[in-house]
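Coordinate analysis (summary)
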Amino acid sequence: QVRLVESGGGLVQAGGSLRLSCEASGDISSIGSMGWYRQAPGKQRALVATITSSGSTNYADFVKGRFTISRNGAKDMVYLQMNSLEPDDTALYSCNARMTYRLVYSYYWGQGTQVTVSS
């Protein structure tokens, strides 16, 4: 069994910051790219940022310059530093990772952490 558990969401005023964390655990053989996605009420889930195992990053245009994705040395945790938050950033933020479990390489999702930005 493998798990992705997010933390760090909450309520913040516009212009504020939050740092999201996501930890992978379980009988994992390898972890490839990891990323953050978000889904606002009534909208489709959207990519926020991704990071490969070698550290290459990719960001959605709407967060460039405000959000930073990173990973720890063991590569089993991914972070999202969010600065200059705006009300439009309000969404459920979910962690995604490509992992090998019992010889199967697949995508896994966490349950998500809610971010609410007040104006």
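This text gives an overview of the structure that appears in the document.

How each quantity is defined
Sequence positions are assigned chain by chain, starting from 1 and proceeding in written order. Per-residue local features are limited, in this predicted model, to residues with pLDDT of at least 70; the limit for side-chain atom pairs, both in listing and counting, is 80 or more; totals at the level of whole chains, interfaces and linings are taken over all residues. To obtain the side-chain values, all non-hydrogen atoms of the structure were used and water was disregarded. Nonpolar cores were defined as sets of buried Ala, Val, Leu, Ile, Met, Phe, Trp, Tyr and Cys residues, with membership established by side-chain atoms within 4.5 Å. Burial classes follow relative accessibility: with a 1.4 Å probe on protein chains only, a residue under 20% of its type's maximum area counts as buried, one over 50% as exposed, and anything between as partly exposed. Comment: elements are numbered from the N terminus, with helices defined as DSSP H or I runs of at least four residues and strands as E runs of at least two. By salt bridge we mean one thing: a side-chain nitrogen of Lys or Arg within 4 Å of a carboxyl oxygen of Asp or Glu.

1. Things to note about the nonpolar core
- Counting residues in each nonpolar core, the largest one holds 32 residues, and the members touching the most others are L4, W36, L80, M82 and Y93.
- For this core, the elements supplying multiple residues, two or more each, are β1 (2-7), β3 (18-26), β4 (30-39), β5 (46-51), β7 (67-71), β8 (77-82), β9 (91-101) and β11 (113-118).
- Considering every element that reaches this core, the biggest residue donor is β9, with six residues.

2. Considerations on the environment of V12
- Here V12 lies in strand β2 (residues 10-13).
- Residues V12 and R66, spaced 54 residues apart in sequence, show a C-alpha to C-alpha distance of 15 Å.

3. Side note on the pattern of salt bridges
- In total, this model carries three salt bridges according to the counting rule given.
- Two residues, D89 and R38, come together in a salt bridge whose shortest N-O distance is 2.9 Å. On the criterion of sequence distance, the pair formed by D89 in the loop between β8 and β9 and R38 in strand β4 is long-range, its members being 51 residues apart. Assigned by exposure class, D89 and R38 land together as buried.
- Among the ionic pairs, D61 bridges to K64, the shortest N-O distance being 3.2 Å.
- Of the residues examined, D61 reaches a relative accessible area of 64% and is grouped as exposed.

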